[in-house]
Amino acid sequence: MPLWTIHHTPGIFTDAEKRELASRITDHYEKIGLPRFYVVAVFNETTPANLYVGGEPTPVGVRVVIEHIARSSVDSAGRQRTSRWIKSILEPYLDRHEGLHWEFHVDETSEELWMINGLIPPPAGSEAEREWVRSNAASVY
């Protein structure tokens, strides 16, 4: 389950851009074999008075917290590829904002601490997971 929590000041994303970005993020994870419903994006608009960087309010800022559970990187090269991909996804939406402070980080959590609709997700690459991809829904396996 990738969870993207995108904290941002007002005016960074339109509603259409939020939908487009969430779709682009989901498309990528689907390409690597995850069911679309694993992917969750939460846009959390916050005022500059509530977003501080270096102890100061930030007039234009974005902080993205990404949690990976369904898959994790096995080595440094994989983590670097993931970081470059995330940067490439975010930059088109963020580069146009002058003076923007933006950053992201990725946490990788044990898949043993994860359930969907009360079900333990099937093992990666298994036939049960492929069925979840085909049906785009959690089901008993």
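Residues numbered from 1 in each chain as written. Predicted model: local features only at pLDDT ≥ 70, side-chain atom pairs only at ≥ 80, totals over all residues. Heavy atoms only, no water.

Looking at an unreviewed UniProt entry, one finds the chain named 4-oxalocrotonate tautomerase and attributed to Mycolicibacterium frederiksbergense.

Peer 1: Tell me what's going on with a nonpolar patch on the surface, and back it up with residues and numbers.
Peer 2: Residues M115, I120 and Y141 make up a contiguous nonpolar surface patch of about 350 Å² in total accessible area. The topology assignment puts Y141 in the segment after α3 (127–135). Here Y141 falls in the exposed class, since its relative accessible area comes to 52%. (Patch = residues over 30% accessible without salt bridge, like charges linked within 9 Å, V, L, I, M, F, W, Y side chains within 5 Å. Areas by Shrake-Rupley, 256 points an atom, 1.4 Å probe, with all protein chains shown as cover. Salt bridge = Lys/Arg side-chain N within 4 Å of Asp/Glu carboxyl O. Helix = DSSP H or I, 4+ residues; strand = E, 2+ residues; numbered from the N terminus. Buried < 20%, exposed > 50% of the residue type's maximum accessible area, 1.4 Å probe, protein only.)

Peer 1: If you had to explain the packing of aromatic side chains to someone new, which residues and values would you point to?
Peer 2: For the structure on display, the rule yields nine aromatic pairs. Ring centres of F37 and W132 lie 5.7 Å apart, and the angle between their planes is 40 degrees; on these two criteria the pair is classed as tilted. Separated by 95 residues along the polypeptide, F37 in the loop between α1 (15–31) and β2 (40–45) and W132 in helix α3 bring together distant segments of the chain. Residue classification places W132 among the buried positions, given a relative accessible area of 0%. Aromatic pair Y38 and W114: ring centres 5.0 Å apart, planes at 80 degrees, arrangement edge-to-face. Here Y38 is found in the loop between α1 and β2, whereas its partner W114 is found in the loop between β6 (101–108) and α3, with 76 residues between them in sequence. The same class applies to Y38 and to W114, which are both buried. Among the aromatic side chains, those forming a connected cluster through ring pairs are F37, Y38, W114, W132 and Y141. (Phe/Tyr/Trp six-rings, centres within 6.5 Å; stacked < 30°, edge-to-face > 60°.)

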